[in-house]
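Here's the letter readout for the chains.
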Amino acid sequence: MTYIDNSCVVYRMGREAQPVQTVSSGETVRIQTYDCFRNQLMPSAATMEQVDFDLLNPATGPIAVEGANPGDTLKIEILKIELDATGCTEIDQTFGVLRDRVRQPVIRRISVSDDQIHYSRRLTLRMKPMIGVIGVAPAGDSVPTDTPGNHGGNMDCTLIAQGATLYLPVFVPGALLAVGDLHACMGDGEIAGCGLEISGHVELRLTVLPAASHAFPVVVDGQSIAVIASEPSVEMAWKTASRYMYEVLTKDTDMSSDDAIMLQSLAADLAICQTINPQATVRMTFPLDYASAYGYQVL
Ligand code: CA
Ligand code: ZN
């Protein structure tokens, strides 16, 4: 297995970034990641004022995948997410709908062990490890790693978790995948702008699928197919997510247009991934077994 440590990180996803490693299609890679603060908040004396904001959202990579060309799809199987022992989360007056209620910035360092998050003496949270930032180089200009889009990026989608498969469109030769911003848990919507930010490792199997499936991110797990849309507003993002799902249902199944619309009303779920990053991210999920009844095949 190819190992890629966190000594090479990028802050922009783009075609000009030099790959740190080139892997074959079908290979599994183990990737070490910083947390979204580049671990700057981990020392117990660290404060938000000391944080160098130019170092936020480091993504390890980029990794080139042999044979990936514009118009292909990169299949990313998330085989494992392993978290370090302690993460952190914070609230402050600059982020989220409740920022006017924040009296002063608060940082909490929270330990994670035995599949549990030790939030307080009174409460242990369930572990829901996920990848916040995962993306390829976009078609045009490079995009900062704090920004989500059709190339992936800072989607903060809780479905991007162990056991799921993420499909991203390939826009440049080699795809140029970069990964970071793990969370031990995060609520959908990421209300105060922070998950339980934590460093760790991920193991991904990367496979090039010739020909595009879609020009936007798709996540498939045992239960559902999800499409992910990032737009300047939540309003725009949910409309786009619905159109993306319509495209999946009408192209990847033999469902009629009428069924694709009717079944969205009957069975699809919209959820807000996040509203904090430079674009809002919304996903729509549709039950996998319903799509399979109309011939959907997991690639
Ligand atoms: Ca994030
Ligand atoms: Zn994060």
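Just so we're clear, the structure is a prediction, and the values are computed from it rather than from any experiment.

### Remarks on the coordination of the zinc ion (ligand 2)
In the first shell of the zinc ion (ligand 2), the protein supplies Asp181 (OD), His183 (NE2), Glu197 (OE) and Glu197 (OE), at 1.9 to 2.6 Å from the metal. Because the angles between the four donor atoms bound to the zinc ion (ligand 2) fall within 54 to 141°, the donor set is best described as irregular. Expressed as a motif, the donor residue spacing for the zinc ion (ligand 2) is D-x1-H-x13-E. In this structure, the zinc ion (ligand 2) lies 3.2 Å away from the calcium ion (ligand 1), the two metals sharing Asp181 as a donor. Taken together, the residues Asp181 in strand S17 (residues 177-183) and Glu197 in strand S18 (residues 197-198) connect sequence positions 16 residues apart.

### Concerning the nonpolar core
Core analysis: the biggest nonpolar cluster contains 43 residues, and Ile131, Ile134, Ile160, Leu177, Leu204 and Leu206 have the highest contact counts within it. Per-element tally for this core: the top contributor is strand S7 (residues 73-83), with five residues. Two domains each donate at least three residues to this core, and these are domain 1 (2-209) and domain 2 (222-293). Discounting chain neighbours no more than four positions away, the residues touching Leu204 are Glu27, Thr28, Val29, Ile31, Ile76, Glu77, Ile78, Leu79, Ile131, Ile134, Leu177 and Val179. Val248, Leu263, Ala267 and Ala268 belong to the second-largest nonpolar core, a separate cluster that totals 25 residues.

### Observations regarding the side chain of Thr240
Note on placement: Thr240 falls in helix H1 (residues 234-251). Apart from the residues within four sequence positions on either side, Thr240 is in contact with Ala229 and Glu231.

### Focus: a nonpolar patch on the surface
Taken together, the side chains of Val97, Leu98 and Ile191 define a hydrophobic patch exposed on the protein surface, amounting to about 320 Å² of accessible area. Note that Leu98 resides in the loop between strand S8 (86-91) and strand S9 (106-113). For Leu98, a relative accessible area of 52% gives the class exposed.

Calculation rules
Residues numbered from 1 in each chain as written. Chains lettered and ligands numbered in written order. Predicted model: local features only at pLDDT ≥ 70, side-chain atom pairs only at ≥ 80, totals over all residues. Heavy atoms only, no water. Donors = N, O, S within 2.8 Å, 3.2 Å for Na, K, Ca; no water. Tetrahedral: all angles 85-135°; square planar, octahedral: opposite > 155°, others 65-115°. Helix = DSSP H or I, 4+ residues; strand = E, 2+ residues; numbered from the N terminus. Core = buried A, V, L, I, M, F, W, Y, C linked by side-chain atoms within 4.5 Å. Buried < 20%, exposed > 50% of the residue type's maximum accessible area, 1.4 Å probe, protein only. Domains from an automatic or database assignment. Contact = heavy atoms within 4.5 Å. Patch = residues over 30% accessible without salt bridge, like charges linked within 9 Å, V, L, I, M, F, W, Y side chains within 5 Å. Areas by Shrake-Rupley, 256 points an atom, 1.4 Å probe, with all protein chains shown as cover. Salt bridge = Lys/Arg side-chain N within 4 Å of Asp/Glu carboxyl O.

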